[in-house]
Amino acid sequence: MNRAGGSGDRPSGVPAAAGAPTAPVDREPSPFADRRFRVFATGNALNNVGESVYATVLPLMVYDLTGSLASMSLLAAAVPVSLVAAPWLGSAADRWGPRVLVVPGLLVQATGAIVMNLCMVAGYSPTWLLFGCALLVALGGSAYLTGWVTGVPAMFPQCPVRARGTLNSVFFATTVAGPLLTAALLPWTGYAGLLWLNIVTFAAPIAVWAIGVHPPRRAVKPAGRARAGRGLREGWRAVSSDQRLLTMTVVHVALSLVCGAGLQALVVYDLRDSWQLSGSAASAVILGANSCMLLGNLLVAQRATFRPRLSLTLGTCLRALTLFLLMAPLWPVFFGALALGALGQGAVLSTVVMMRVKYLPQEVLGRSSGLLSLLAGGAALLSPVVTPALSHTLGVRGAFCALGVLSLSTLVYLHRTWRAWDAADRASPAGSRMASADAAPRERT
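In what follows, the accompanying structure is described. (Residues numbered from 1 in each chain as written. Predicted model: local features only at pLDDT ≥ 70, side-chain atom pairs only at ≥ 80, totals over all residues. Heavy atoms only, no water.)

### Let's talk about the nonpolar core
Next up, step 1: Ranked by internal contacts, the top residues of the largest apolar core, which has 52 residues, are Leu271 and Phe400.
Next up, step 2: For this core, the secondary structure elements donating two or more residues are helix H7 (160-201), helix H9 (228-240), helix H10 (243-258), helix H11 (261-273), helix H12 (279-301), helix H13 (308-325), helix H14 (331-359) and helix H15 (365-416).
Next up, step 3: In terms of residue count, H14 provides more of this core than any other element does, 13 residues in total.
Next up, step 4: Dropping the residues within four chain positions of it, Phe400 is found in contact with Leu263, Leu266, Val267, Asp270, Leu323, Leu326, Met327 and Phe334.
Next up, step 5: Counting residues in each nonpolar core, the second largest holds 40 residues, with Leu58, Val149, Val152 and Ile199 among its members. (Core = buried A, V, L, I, M, F, W, Y, C linked by side-chain atoms within 4.5 Å. Buried < 20%, exposed > 50% of the residue type's maximum accessible area, 1.4 Å probe, protein only. Helix = DSSP H or I, 4+ residues; strand = E, 2+ residues; numbered from the N terminus. Contact = heavy atoms within 4.5 Å.)

Structure (structure tokens):
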């Protein structure tokens, strides 16, 4: 059973007393006080480590098998392609509950990974087959992610926002742990051994489910032929009708475009070409930046009081400022800018996922989250196209400047929506989302 915080704290899902101010109460107890959360986070972390190892190993393995950049790019496209299914997976979670996605998603992932490994062992690995397996893994992963994300509010009702933020921090930690584990084990196990290790990690969240830590059963919505288009429109309406969510969406899409894979490729190129760093030294710099991103994530997720407007604004401001500092010809300034920019980016990404849980109604959480992931994923796909074009036209330093200007436009938008955000806070009493969640029938776990 979840434990509340101190006696003076009121969980965000409890309505305020009559005559009390309607300003949202953002203070939540730490999710780590709940034993069920610790168990769930452990299983999730082990699975994420396996996913991070898989994401690191797959392009290296494909390069050794084919020596083709086109093949590497094709397999890398499996994850973005799977985002097309995110809104429909979210619709399934809203209609039948998150339980229908978690274990099936894991089983689909495991099937794709096992087939890929068996083909490697048999020496049969055409690109089309590897892509099919990678797409199965990505689709299963998307289903699993949608399931547990939409299930978090009902699983941890006294701290849903901090629980979601903390799980996001766990994910960022695995982006650091996965490459380190790959570097340590690859000489001993080879690619196949690491891919089998990924399959083993699927057992961790299944074990967590088996011992009873999973989303409670939710009543299925009345029967009738569901129209996907109408459901997705309802999901988007929930976002567009709340200025806070709409602002968050614009910031997230802009961040995905400006600071996506294209920026990381540009930074790596600059480290090798302008600063003349070795491959291992450049990798160490990127690892340091990823660690700072984790720190920024933790600074938002582990605060008892969630202030989304403050963290969204400061994080975006820090990210925009550091893009200009990357133009500096001084190594300490360049490295400091990388670290501070990653810190701001981590804070923004943590704020984004926590705002979804805080402000989206439970009944459309799956559809709305799927649509937002699709929008951000589409912008992330454009990042490797836009950034090289800017670099080719303006040079590396000019590209950093142009990306900084694009980020500044996001800050202007944030400033223009400041009053509308205040009005939305006053009009939305604390706990309105959780009240709708608590109204749904549940079973005891």
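This is not the end of the story, as more comes after the structure.
### Some details on a nonpolar patch on the surface
Next up, step 1: A cluster of nonpolar side chains, contributed by Ile114, Leu118, Val121 and Trp196, occupies part of the molecular surface with about 360 Å² of accessible area.
Next up, step 2: Considering each element in turn, the nonpolar patch owes the most residues, three residues, to helix H5 (residues 99-121).
Next up, step 3: Locating Trp196 in the fold gives a position in helix H7.
Next up, step 4: A relative accessible area of 33% places Trp196 in the partly exposed class. (Patch = residues over 30% accessible without salt bridge, like charges linked within 9 Å, V, L, I, M, F, W, Y side chains within 5 Å. Areas by Shrake-Rupley, 256 points an atom, 1.4 Å probe, with all protein chains shown as cover. Salt bridge = Lys/Arg side-chain N within 4 Å of Asp/Glu carboxyl O.)

### So, the environment of Val348
Next up, step 1: Along the polypeptide, Val348 turns up in helix H14.
Next up, step 2: Taking the C-alpha atoms as reference, Val348 lies 5.2 Å from Leu312; in sequence the two are 36 residues apart.
Next up, step 3: What Val348 contacts, discounting residues up to four positions off in sequence, is Val251, Leu255, Ser311, Leu312, Gly315 and Thr316.

### Here we look at the side chain of Ser383
Next up, step 1: Among the structural elements, Ser383 can be located in helix H15.
Next up, step 2: Judged by its relative accessible area of 0%, Ser383 falls in the buried class.
Next up, step 3: The residues touching Ser383, leaving out its near neighbours within four places in the chain, are Ser256, Leu257, Gly260, Ala261, Gly262, Leu263 and Pro388.

### A short note on the packing of helix H1 (residues 35-66) against helix H6 (residues 127-155)
Next up, step 1: Where H1 meets H6, the closest approach of the two axes is 13 Å, and the angle between their N-to-C directions is 160 degrees. Put simply, H1 runs roughly antiparallel to H6. Remark: the crossing between H1 and H6 carries left-handed chirality. Where H1 abuts H6, its residues Arg36, Phe40, Asn44, Asn47, Tyr54, Leu58, Leu65 and Thr66 lie against Thr127, Leu130, Ala134, Val137, Tyr144, Trp148 and Met155.
Next up, step 2: Considering only residue class, the contact of H1 with H6 consists of ten nonpolar, four polar and one charged. (Axes fitted to C-alpha atoms, helices over the stretch in contact; angles between N-to-C directions. Parallel < 35°, antiparallel > 145°, perpendicular 65-115°, else oblique. Left-handed = near helix turned anticlockwise from the far one by under 90°. Nonpolar A, V, L, I, M, F, W, Y, C, P; charged D, E, K, R; others polar.)

### Examining the pattern of salt bridges
Next up, step 1: Applying the stated criterion to the full structure yields six salt bridges.
Next up, step 2: A salt bridge links Asp425 to Arg244; the nearest nitrogen and oxygen atoms lie 2.9 Å apart. Of this pair, Asp425 sits in helix H16 (residues 418-427) while Arg244 sits in helix H10; the two residues are 181 residues apart in sequence, bridging distant segments of the chain. For the pair shown, Asp425 and Arg244 are each scored as buried.
Next up, step 3: Here Arg397 and Asp270 are joined by a salt bridge, their closest N and O atoms 2.9 Å apart. Here Arg397 is found in helix H15, whereas its partner Asp270 is found in helix H11, with 127 residues between them in sequence.
Next up, step 4: Owing to a relative accessible area of 25%, Arg397 belongs among the partly exposed residues under this scheme.
Next up, step 5: Relative accessible area serves as the criterion here: at 0%, Asp270 is assigned to the buried category.

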